[in-house]
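One letter stands for each residue in the lines below.
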Amino acid sequence: MQQFARGLQHRWGQLWQLCAAQTPVIAQDQARDYCQRLLNGGLQMFVQPVVDLQSGHLVKVEALARLVMPDGSIIAPGVFLPLLGSAELDRLFSLSLGQALQHVAGWDAQGLELSVSVNLPPSTLLDGHCVEGIAQSLRHHGVAPDRLTLEILESQGIETREQDVAIEQLRSLGVKLAMDDLGSGYSSLRRLSVLPFDAVKIDQSLLLQIRSLPVQTLSLVSTIVQMGRDFELDVIAEGLEDDAVIEAVTILGAGYGQGYGLGRPMPADELVAWQAGHRGRAGDGRIQHVLGALAYHWQYMHGAQHPHPTSVDTCPLTEFLVGRGLGKSDAARWHAQVHADLNAAQASAQLLQWLVAQVQRE
């Protein structure tokens, strides 16, 4: 009875969030058709690359559910997920996991060995058969447990002892766990400190205002990266849409990245060809973008090094300014003062304000 009550409370919380969220209005018959199609042959798992930001190499993929209609049109999860109840979400997870692991086995046969992430609804942890079902699927497809990461949405919450027990059992099985969308929900920090997660994902919504509010955004990203270091967790930044954002989060220390700037979601059978044409960009310490320059200087301002740990001649920011024809600008003078520790605090603040203005102007 207690478990039933907790599950009911959890479901009411989900319903409240769905009512508060803006979702497309779908006719009842269309919603029914979507659900039936999804759970009876219409599910197709797309995959999105996750890249090591230092080496540029593909290290894993995230499996993403798509609904393919009979006419070939593709329905995004933001449309069909709100239509599903707990039992349907459990079924969707089982189907998604099976497809994802089947793709992993197929890539192995083609010489491409990768890990895969699959989204696990927190409500599915309340299913007493959840852990054994995952173990059976891994055995069926011949995939080692440590090659599977289950991503749990922070915004949906983990509120019951039964869910905690299931998470512990998954770790005993050898499966990895990631807290998805860190920064979008309300429950995460205490759970992150007591539950055995392996990774956190920086929610892509945190990067939406990186050019209008660059300092605040960089501060949030840096805080999560530092928290990942303190908790010994991998940090994956989502929503990396262009080279400048990729450079900035790399400078701040995020280990892995995911987003359109690295690779779009694609049908699983296209991944091998994508990998063959992928030219990973290893981090070489050079700064190519104003946003990267701002991230570099912001990180120095909030670090422990004082004065600057490199000489002005070898500093990447010097090379960046000279490369843009700004070797004799006010920005270069402020930068030199920071290195020389001459009125460094004021010069550093002026350089920061100048860089912010350049980012907002782009």
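**Re the overall build of the chain**
So, step 1. Looking only at helices and strands, one finds 14 helices and 10 strands in the chain.
So, step 2. In the chain, which comprises 362 residues, the proportion classed as buried is 49%.
So, step 3. In the chain, the proportion of contacts linking residues at least 24 apart, taken out of those at least 6 apart, comes to 69%.
So, step 4. Per element, the accessible surface of the chain, about 17,600 Å² overall, is 52% carbon and sulfur.

**Section: the nonpolar core**
So, step 1. By size, the foremost hydrophobic cluster in this structure holds 100 residues, and its most contacted members are Ile134 and Leu150.
So, step 2. Not counting chain neighbours up to four residues away, the residues in contact with isoleucine 134 comprise Phe93, Leu97, Leu148, Leu150, Leu170, Leu173 and Val175.

**Overview of the pattern of salt bridges**
So, step 1. Scanning the entire structure with this criterion turns up 10 salt bridges.
So, step 2. Between arginine 139 and glutamate 132 there is a salt bridge, and its shortest N-O distance comes to 3.0 Å.
So, step 3. Since its relative accessible area comes to 56%, arginine 139 is described here as exposed.
So, step 4. A relative accessible area of 40% places glutamate 132 in the partly exposed class.
So, step 5. When salt bridges with common partners are traced through the structure, they connect Glu62, Glu151, Lys201 and Glu238 into a single cluster.

**Side note on the packing of aromatic side chains**
So, step 1. Scanning all chains against the criterion turns up zero aromatic pairs.
So, step 2. Across from the ring centre of phenylalanine 46, 5.7 Å away, lies the NZ or CZ of arginine 66, which sits over that ring.

**Let's talk about the side chain of histidine 335**
So, step 1. Within the fold, histidine 335 resides in helix α13 (residues 330-340).
So, step 2. Those residues in contact with histidine 335 that lie beyond four places of it in its chain are Val312, Cys315, Leu317, Thr318, Leu321 and Leu351.

**Some words on the packing of helix α5 (residues 130-141) against helix α6 (residues 161-173)**
So, step 1. With their axes 10 Å apart at the nearest point, α5 and α6 run at an angle of 20 degrees to one another. One element, α5, and the other, α6, form an angle in the roughly parallel class. Note that α5 runs across α6; the crossing there is right-handed. For the pair α5 and α6, the contacting residues are Val131, Ile134, Ala135 and Leu138 in the first and Ala166, Gln169, Leu170 and Leu173 in the second.
So, step 2. Taken together, the residues of the contact of α5 with α6 sort by class into seven nonpolar, one polar and no charged.

**With respect to the environment of tryptophan 107**
So, step 1. Relative to the helices and strands, tryptophan 107 is located in helix α4 (residues 86-109).
So, step 2. Tryptophan 107 gets classed as buried once you look at its relative accessible area, which sits at 4%.
So, step 3. If sequence neighbours within four positions are ignored, tryptophan 107 has contacts with Val47, Val61, Leu112, Leu114, Ala268, Leu271 and Val272.
So, step 4. There is a polar contact of 3.4 Å between the side chain of tryptophan 107 and the backbone oxygen of alanine 268.

**Some points on unusual backbone geometry**
So, step 1. Residues other than glycine seldom take positive phi values, yet aspartate 341 does so here, at roughly 60 degrees.
So, step 2. Phi is positive for asparagine 343, close to 50 degrees, though the residue is something other than glycine.

**Here we look at the pairing of strand β5 (residues 148-153)**
So, step 1. Of all six residues in β5, five are buried, a share of seventy percent or more.
So, step 2. Of the pairings in the sheet, the one linking strand β4 (residues 115-119) to β5 comprises four bridges and is parallel in character. Looking at β5, one finds that valine 116 is bridged to leucine 148.
So, step 3. Considered for its hand, the β-α-β crossover made up of β4, α5 and β5 is right-handed.

**Regarding the pairing of strand β8 (residues 234-237)**
So, step 1. Sheet topology places strand β7 (residues 199-202) next to β8; four bridges connect them, and they run parallel. The partner of isoleucine 202 across the bridge, within β8, is alanine 237.
So, step 2. Between β7 and its parallel partner β8, the chain crosses via helix α8 (residues 214-231), and the hand of that crossover is right-handed.
So, step 3. Relative to strand β9 (residues 256-257), β8 is paired through two bridges, and the arrangement is parallel. Paired with alanine 237 across the strands is glycine 257, a residue of β9.

**What to know about helix α12 (residues 316-323)**
So, step 1. If you check which residues of α12 are buried, you get Pro316, Leu317, Thr318, Phe320 and Leu321.
So, step 2. Buried residues in α12 make contact with α11 (290-301), α13 and α14 (344-361).
So, step 3. After α12 finishes, the residue glycine 325 shows a positive phi value of roughly 75 degrees.

**Re α13**
So, step 1. Within the span of α13, buried status applies to Ala331, Ala332, Trp334, His335, Val338 and His339. Mapping the buried residues of α13 onto a view down its axis gives an arc of 160 degrees, with all of them on the same face.
So, step 2. Among the structural elements, α11, α12 and α14 are those in contact with the buried residues of α13.

**Considerations on the environment of arginine 361**
So, step 1. As for its position among the elements, arginine 361 is in helix α14.
So, step 2. C-alpha separation for the pair arginine 361 and serine 212, spaced 149 residues apart in sequence, amounts to 9.1 Å.

The rules behind the values
- Residues numbered from 1 in each chain as written.
- Predicted model: local features only at pLDDT ≥ 70, side-chain atom pairs only at ≥ 80, totals over all residues.
- Heavy atoms only, no water.
- Helix = DSSP H or I, 4+ residues; strand = E, 2+ residues; numbered from the N terminus.
- Buried < 20%, exposed > 50% of the residue type's maximum accessible area, 1.4 Å probe, protein only.
- Contact = heavy atoms within 4.5 Å.
- Areas by Shrake-Rupley, 256 points an atom, 1.4 Å probe, with all protein chains shown as cover.
- Core = buried A, V, L, I, M, F, W, Y, C linked by side-chain atoms within 4.5 Å.
- Salt bridge = Lys/Arg side-chain N within 4 Å of Asp/Glu carboxyl O.
- Phe/Tyr/Trp six-rings, centres within 6.5 Å; stacked < 30°, edge-to-face > 60°.
- Lys NZ or Arg CZ within 6 Å of the ring centre and 35° of its normal.
- Axes fitted to C-alpha atoms, helices over the stretch in contact; angles between N-to-C directions.
- Parallel < 35°, antiparallel > 145°, perpendicular 65-115°, else oblique.
- Left-handed = near helix turned anticlockwise from the far one by under 90°.
- Nonpolar A, V, L, I, M, F, W, Y, C, P; charged D, E, K, R; others polar.
- Polar contact = N/O pair within 3.5 Å; in protein donor to acceptor, adjacent residues only side chain to side chain.
- Pairing = 2+ DSSP bridges.
- Right-handed = clockwise from strand over helix to strand, strands pointing away.
- Arc of directions from axis to C-beta.

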